[in-house]
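The chain contents come next:
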Amino acid sequence: MADNNDSFDEFLNRAEEDYDAGDIEAAEAGDEDDVLDDVEGGEDESRPGAFVSEENKARSLIDMSSIANPHGSIVEGANGGEGTIVRSAYLGKEMQTSFLEYAMSVIVSRALPDVRDGLKPVHRRILYAMNESGYTPNRPHMKSARTVGDVIGKYHPHGDFAVYDTMVRLAQPFSMRVPLVDGHGNFGSIDGDAAAAMRYTEVRMSRLASEFLNDIDKETVDFRPNYDNTLAEPVVLPTKVPNLLLNGSSGIAVGMASQICGFNLEEVCRTTIAYLEDPNHDLLSTLPAPDFPTGGEILYDRDEMARIYRTGRGSVKVRARWRHLQKENIIEIYEIPYSTTVEAVIDKVAELAKAGKLREVADMRDETDLSGLKLAIDLKRGADPEQVMQKLFRLTPLCDSFACNFNILIAGNPRVMGVGEILDEWIAWRMECIRRRVFFDLQKKRAKLHLLQGLGKILLDIDRAIAIIRNTEREADVVPNLMAGFDLDEVQANFVAEIKLRNINREYILKRTAETDALEKDIADLEATLESKRRIRGIIIR
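Residues numbered from 1 in each chain as written. Predicted model: local features only at pLDDT ≥ 70, side-chain atom pairs only at ≥ 80, totals over all residues. Heavy atoms only, no water.

### Here we look at the sheet that holds strand 12 (residues 321–325)
An order of 12-13-15-14 is seen for the four strands of this open sheet, with the pairing classed as antiparallel. Looking at the sheet topology across the chains shown, the edges are occupied by strand 12 and strand 14 (361–366). Sheet twist, expressed as the average angle between the axes of neighbouring strands with direction ignored, equals 20°. Examined bridge by bridge, strand 14 and strand 15 (residues 375–379) share five bridges and lie antiparallel to one another. Looking at strand 15, one finds that Val-361 is bridged to Leu-379. Contacting strand 14 and strand 15, helix 13 (residues 342–354) runs over the sheet at an angle of about 160° to strand 14. Against the sheet, helix 14 (residues 385–395) engages strand 12, strand 13 (330–335), strand 14 and strand 15, with an angle of about 150° to strand 12. (Pairing = 2+ DSSP bridges. Helix = DSSP H or I, 4+ residues; strand = E, 2+ residues; numbered from the N terminus. Axes fitted to C-alpha atoms, helices over the stretch in contact; angles between N-to-C directions. Contact = heavy atoms within 4.5 Å.)

### So, the packing of aromatic side chains
Taken as a whole and judged by the stated rule, the model has seven aromatic pairs. Look at Tyr-128 and Tyr-155: their rings are 5.5 Å apart centre to centre, the planes differ by 65°, and that puts the pair in the edge-to-face class. With Tyr-128 in helix 5 (residues 121–133) and Tyr-155 in the loop between helix 6 (144–154) and helix 7 (160–171), the pair connects residues that are 27 residues apart, well separated along the chain. For Tyr-128, a relative accessible area of 7% translates into the label buried. When its relative accessible area of 4% is taken as the criterion, Tyr-155 is described as buried. Seen from their ring centres, Phe-292 and Phe-402 are 5.1 Å apart, and the 55° between their planes marks the pair as tilted. Highlighted residues: Phe-292 in the loop between helix 11 (283–286) and strand 10 (297–298) and Phe-402 in strand 16 (residues 399–405), separated in sequence by 110 residues. The residues Phe-292 and Phe-402 share a single accessibility class, namely buried. What links up through ring pairs into an aromatic cluster is the set Tyr-128, Tyr-155 and Phe-223. Against the face of Tyr-334 rests Arg-323, its NZ or CZ located 4.2 Å from the ring centre. One Lys or Arg, Arg-464, reaches over the ring of Phe-486 and ends 4.8 Å from the middle of that ring. (Phe/Tyr/Trp six-rings, centres within 6.5 Å; stacked < 30°, edge-to-face > 60°. Buried < 20%, exposed > 50% of the residue type's maximum accessible area, 1.4 Å probe, protein only. Lys NZ or Arg CZ within 6 Å of the ring centre and 35° of its normal.)

### Comments concerning the sheet that holds strand 3 (residues 142–143)
Taken in spatial order, the three strands line up as 3-5-4 in an open sheet, and their pairing is antiparallel. If you trace the sheet from one side to the other, it starts and ends with strand 3 and strand 4 (181–184), each paired once. Where strand 3 meets strand 5 (residues 202–205), two bridges bridge the pair, whose relative direction is antiparallel. Its bridge partner lying in strand 5, Lys-143 is registered against Glu-202. This element, helix 5, spans strand 4 and strand 5 of the sheet and lies at about 90° to strand 5.

### Notes on the side chain of Asn-407
Within the secondary structure, Asn-407 sits in strand 17 (residues 407–410). At 3.3 Å, the side chain of Asn-407 and the backbone nitrogen of Arg-415 are in polar contact. Ignoring anything within four residues of it in the chain, the contact list for Asn-407 reads Leu-112, Pro-113, Met-256, Ala-257, Ser-258, Ile-260, Pro-414, Arg-415 and Val-416. (Polar contact = N/O pair within 3.5 Å; in protein donor to acceptor, adjacent residues only side chain to side chain.)

### Focus on the confidence of the model for the protein chain
When the pLDDT values of the protein chain are averaged, the result is 84; 84% of them are 70 or greater. For the stretch residues 1–5, pLDDT sits under 50, and the model shows three contacts to residues farther than four places along the chain or on other chains. In the predicted structure, residues 22–51 sits below a pLDDT of 50 and forms 22 contacts with residues beyond four places in sequence or in another chain. (pLDDT = per-residue confidence, 0-100.)

### Here we look at the pairing of strand 5
Direction of pairing for strand 4 relative to strand 5: antiparallel, over a ladder of four bridges. Looking at strand 5, one finds that His-184 is bridged to Glu-202.

### So, the nonpolar core
Judged by nonpolar contacts, the single largest core of 94 residues is most densely connected at Leu-180, Tyr-309 and Phe-406. When residues in this core are grouped by element, the largest group, 14 residues, is from helix 15 (residues 419–457). The residues touching Phe-406, leaving out its near neighbours within four places in the chain, are Gln-259, Ile-260, Cys-261, Ile-308, Gly-312, Arg-415, Val-416, Met-417, Val-419 and Ile-422. One finds Ile-190, Ile-336, Leu-379 and Val-388 within the second-largest nonpolar core, a separate group that totals 24 residues. (Core = buried A, V, L, I, M, F, W, Y, C linked by side-chain atoms within 4.5 Å.)

### Observations regarding the pattern of salt bridges
Taken as a whole and assessed by the stated rule, the structure comprises 27 salt bridges. We note a salt bridge from Glu-360 to Lys-391, for which the minimum N-O separation is 3.1 Å. In this pair, Glu-360 sits in the loop between helix 13 and strand 14 while Lys-391 sits in helix 14, placing the two residues 31 residues apart along the sequence. Through salt bridges with shared partners, one network takes in Asp-363, Arg-365, Glu-367 and Asp-378. (Salt bridge = Lys/Arg side-chain N within 4 Å of Asp/Glu carboxyl O.)

Okay, structure coming up:
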């Protein structure tokens, strides 16, 4: 401990000596007045300890960007003894740089979805981990804890509860327009009830999610190393539909947020097809309005909807759907706005009743069961249900607005986009995915054709090929001898050498070489597809 203190004292002494030496040099150069001003706390703002105006403070922060080493310099042995390194830094610049790095990390890696697959990194990692583990729709459900362990151990080094909560939301039909996880067990309710612990619930991928990953093994998307460089994970998933429009997204980043509403699956597909065929297609004709997971009735404003589709900003007013049971004199609410909760509605109604502003209401109960949402409101005798509901719409969250802010990541940068721009970006990316898949298939077929062409060369003289193999003394010389004897390349010669003895007959070789014509046709078709945007668009539609 004493050594540490001594090292720190030496550091301070060296700093004081350097400072004093600077003053002496200034005095010898004829700057005695400046030194005196500095000692007396004069007005020279360039000296440490002097008064600095707000204007010059701001100017110093701006000029700091031109400093050669804005993060400071390295001082070895400054504190803690030998081997300890202390980095001196400009505090303002360090805070600015660190905060910007943190902000970009939150924006890119947590809060905002990617325009291509409509997912955030944690969603993408959950689905990819489930696919890699084989938790597909045609397999039994598996414990949620296993998936959570795979995700945090391989791809997402964060808390297990954060991953589980995300997975729970992907399985909730009242949170997702089309759930991406098929859950078995208690995954919460629209009332606000929490899901059971991960050791009790079971999950597997939904059918839609499995379609998102069908072609991932055909090099359709790029991969990058995981957090410890031991595995690879996809940058995005090769989704077959615009998932961003289908399920929407919401997130709060640093200095910005995102709030994207979901749409009906059939309408999204129909709109995408129409947009592929005609870029000037009227989106509102096939995609008239959002379709929220909790239902509700949209108070339609075509001009406002057109503004949202064009700019990505605006609001959609949604109110609850209800029916009146005359025999029991009860109002039954069975759909509520997506932006509110059952608990918020009940609390607000109780508050208004206590304040005497809802004299027509006798009681309100939550009768939600397995058949769906049901909020029962008992009316007093003589109360008009229409008037009561209009009052509830005006005073409670049963009528609420969904604020749209289509803030999305495109090429790693946040940008607010309209529906048409989202479709443009998704179509361009999807065409690239299909082009890469077609190229992958083309390379496979070319490689197979190349092998069969080599096999066809030995068809004319199978006995000679056998003799070459039999008469070769060293195993390492088999392939070179076949290459010389039949004009084969190394790949073809290896393929011939690996054929089982029972398959070295005319029937087997004729059967394999008969595939050559079909392969040549397939290759020509795939090459034509690569060169035709129209054919690639047709594949997207199919």
